[in-house]
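Residue-level listing of the chains:
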Amino acid sequence: GVSRISIPLYGSYSEWHDGITQSPGSFAQTIDGISNLQSLRTNQTQYVELELKLLHSRVTKDENFKTLDLITTSLSPIDRLVFSGLFMSSTAISHKDEVFVRFEDTIEEITQLVERILILQLPLVVYYLPLCLLKKNALDYVIASKRHSVVLDRNLSQNFLDYPHPYVYFCSEITDGISVQRQ
C-alpha cells in the first residue's frame with residue numbers, strides 16, 4: 001500500500017504556483033488534495049505520511065518563506081518537510097538560465113529558511129543542497145552527531161527515499177545521522 005505521499009508546493013498562492021507548473025488551477029487542486037489527505041489520515045487505520053516539498057530555484061527562492069508560512073498556518077500537521085535544490089533533469093537543464101541559482105549567491109536565503117524551519121521544529125529533509133552552506137546549528141539539526149557509514153550504489157535504490165541517485169540525502173529523522181562513502 002501507500003505509506004507516504006510527497007507533494008511539492010511552488011508558491012503560497014495560485015498565480016505563482018500555477019505559473020510555475022504551467023497548469024491553471026493546479027494550486028487549488030494541490031491544496032484540496034492536501035486537505036483531503038489530512039481528512040483521510042484521521043479516519044484511516046493505515047497511516048499515510050504527508051511530506052511537503054519546497055524547491056530552491058531562481059523562481060521559488062523568494063516565495064519559499066511565504067509558502068512555509070502557508071504550510072504551518074493552513075496545511076499542518078505534516079510528517080516532514082523537504083527542502084531541495086533542483087534535480088539536474090533534462091527539462092531543468094534546458095531552462096537553466098530561468099531556474100538554476102548559484103548556491104553561493106543565495107546562501108542567506110538558504111540559511112534563513114533552514115533556521116526558520118529549525119525554530120518551527122519541523123522534521124526536515126535536505127536534498128541537492130550542499131550541506132557546507134548550512135550554519136552549525138542548522139547542520140546539527142539536519143544531521144545528528146553520531147554517524148553510521150552507508151555505501152551508495154548508483155544502480156540500486158537506497159532507502160533514503162527509495163530513489164536511485166548518486167546524490168546523498170540527509171534527514172533529521174535519522175536519529176543517529178549518516179556519513180557516506182562512494183564506491
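Here is what the cut-offs are and how they apply
- Sequence positions are assigned chain by chain, starting from 1 and proceeding in written order.
- Given that this is a predicted model, residues contribute local features only at a pLDDT of at least 70 and side-chain atom pairs are listed and counted only at 80 or more, while totals for whole chains, interfaces and linings are drawn from all residues.
- The side-chain values count all of the structure's non-hydrogen atoms but skip hydrogen atoms and water molecules.
- For helices the rule is a DSSP run of H or I covering at least 4 residues; for strands it is a run of E covering at least 2, with both sets numbered from the N terminus onward.
- Here the term buried applies to any residue with accessible area under 20% of the maximum for its type, exposed to any over 50%, and partly exposed to those in between, with areas from a 1.4 Å probe on protein chains only.
- The criterion used for residue contact is that any of the two residues' heavy atoms lie within 4.5 Å.
- Nine residue types can take part in a nonpolar core, namely buried Ala, Val, Leu, Ile, Met, Phe, Trp, Tyr and Cys, and a core is a set of them joined through side-chain atoms within 4.5 Å.
- Only Phe, Tyr and Trp rings are paired, with Trp represented by its six-membered ring, and only when their centres lie within 6.5 Å; those with planes under 30 degrees apart are stacked, over 60 edge-to-face, the remainder tilted.
- For helices, the axis comes from a line fit to the C-alpha atoms of the stretch in contact; other axes are also lines fit to C-alpha atoms, and the angle between any two N-to-C directions lies between 0 and 180 degrees.
- Any angle that is under 35 degrees is reported as roughly parallel, and any over 145 degrees as roughly antiparallel; angles of 65 to 115 degrees are reported as roughly perpendicular and all others as oblique.
- In this scheme the handedness of a crossing depends on how the near helix is turned from the far one: anticlockwise by less than a right angle means left-handed, clockwise means right-handed.
- Put simply, Ala, Val, Leu, Ile, Met, Phe, Trp, Tyr, Cys and Pro go in the nonpolar bin, Asp, Glu, Lys and Arg in the charged bin, and everything else, Gly too, in the polar bin.
- The term salt bridge refers to a side-chain nitrogen of Lys or Arg lying within 4 Å of a carboxyl oxygen of Asp or Glu.
- What pLDDT conveys is the predictor's confidence in a given residue, as a value from 0 to 100.

Caption draft 1: The arrangement of the side chain of T60 in detail. Looking at the element boundaries, T60 is found in the loop between β2 (49-55) and α3 (64-74). Take T60: its relative accessible area is 0%, and that puts it in the buried class. In contact with T60, other than residues within four places in its own chain, are Y10, I20 and L55.

Caption draft 2: View of the nonpolar core. Counting residues in hydrophobic clusters, the biggest one holds 30 residues, and the most contacted among them are L52, I71, L75, L81, F83 and V114. Looking at this core, the elements that each hand over two or more residues are α2 (26-43), β2, α3, β3 (80-84), α6 (107-120) and β4 (124-127). Top contributing element to this core by residue count: α6, with five residues. If we ignore the near neighbours within four places in the chain, the residues touching L81 are L52, L54, L68, I71, I117, L122, P123, L124 and V125. Listed in part, the five residues of the second largest apolar core include L55, L86, A92 and V99.

Caption draft 3: The arrangement of the packing of aromatic side chains in detail. Applying the stated criterion across every chain, the model contains two aromatic pairs. Aromatic side chains Y13 and W16 sit 6.2 Å apart centroid to centroid with 55 degrees between the ring planes, which places their arrangement in the tilted category. Since its relative accessible area comes to 35%, Y13 is described here as partly exposed.

Caption draft 4: Highlighting the packing of α3 against α6. Two numbers describe how α3 lies on α6: the axes approach to 11 Å, and their chain directions differ by 15 degrees. Judged by the inter-axis angle, α3 sits roughly parallel to α6. Of the two elements, α3 crosses α6, and the hand of that crossing is right-handed. Of the residues in α6, those in contact with N64, F65, L68, D69 and T72 of α3 are E109, Q112, L113, R116, I117 and L120. Here the residues of the contact of α3 with α6 sort into five nonpolar, three polar and three charged.

Caption draft 5: The arrangement of the packing of helix α1 (residues 14-21) against α2 in detail. Running from N to C, α1 and α2 cross one another at 105 degrees; their axes reach a closest spacing of 7 Å. As the angle between them shows, α1 and α2 are arranged roughly perpendicular. For the pair α1 and α2, the contacting residues are S14, H17, D18 and T21 in the first and S26, F27 and T30 in the second. The class makeup of the residues in the contact of α1 with α2 is one nonpolar, five polar and one charged.

Caption draft 6: Examining the pattern of salt bridges more closely. For the structure on display, the rule yields eight salt bridges. For D62, the salt bridge goes to K61, with nearest N and O atoms at 3.4 Å. Judged by its relative accessible area of 51%, D62 is exposed. What you see here is one network of salt bridges that share partners, running through K61, D62 and E109.

Caption draft 7: Inspection of the confidence of the model for the protein at higher detail. Within the protein, residue pLDDT values average 77, and 75% of them lie at 70 or more. Here strand β5 (residues 149-152) stands out as the element of the protein with the lowest mean pLDDT, 37, in contrast to α3, whose mean of 96 is the highest. Confidence over residues 144-183 falls short of pLDDT 50; this stretch has 83 contacts with residues more than four positions distant or in other chains.

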